[in-house]
Amino acid sequence: MAQDVLCEVNNCVHWAHGNQCEADKIYVVSHTGEEADKQEETDCKTFEPQH
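Residues numbered from 1 in each chain as written. Predicted model: local features only at pLDDT ≥ 70, side-chain atom pairs only at ≥ 80, totals over all residues. Heavy atoms only, no water.

The name an unreviewed UniProt entry assigns to the protein is DUF1540 domain-containing protein, from the organism Halalkalibacter alkalisediminis.

1. As for unusual backbone geometry
Most peptide bonds take the trans form, and the phi angle of most residues other than glycine is negative. Of note in this structure, asparagine 19 is not a glycine but carries a positive phi near 60°. Within the element layout of this structure, asparagine 19 appears in the loop between strand 1 (15-16) and strand 2 (20-21). Using a relative accessible area of 28% as the deciding quantity, one classes asparagine 19 as partly exposed. (Helix = DSSP H or I, 4+ residues; strand = E, 2+ residues; numbered from the N terminus. Buried < 20%, exposed > 50% of the residue type's maximum accessible area, 1.4 Å probe, protein only.)

2. Here we look at the UniProt feature "domain: DUF1540" (unreviewed entry) in the protein
On the UniProt side, "domain: DUF1540" (unreviewed entry) is annotated at positions that read residues 5-47 here. The span residues 5-47 is 0% helical and 23% strand by assignment, and the distance between its end C-alpha atoms comes to 13 Å. (UniProt positions renumbered as here; feature names shortened; annotations may be inferred.)

3. So, the side chain of serine 30
Within the secondary structure, serine 30 sits in strand 3 (residues 28-30). From its side chain, serine 30 meets the backbone oxygen of glycine 33 in a polar contact 3.2 Å long. A polar side-chain atom of serine 30 sits 3.2 Å from the main-chain carbonyl oxygen of glutamate 35. Serine 30 has contacts with Glu35, Ala36, Glu41 and Thr42, leaving out every residue within four places of it along the chain. (Polar contact = N/O pair within 3.5 Å; in protein donor to acceptor, adjacent residues only side chain to side chain. Contact = heavy atoms within 4.5 Å.)

This is the structure we're talking about:
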């Protein structure tokens with residue numbers, strides 16, 4: 001499993017200094033089903049906006 005997960009979405013509750021993701025786990029899904037051919041076809045479901 002990856003040790004360093006980088007994220008530039010600084011309005012996420014899991015975002016930390018240095019663009020580090022502090023979530024316990026990351027959940028990424030495909031827009032088109034089980035397989036994606038391009039990065040644009042995916043979304044990070046781990047995102048939670050800061051309040």
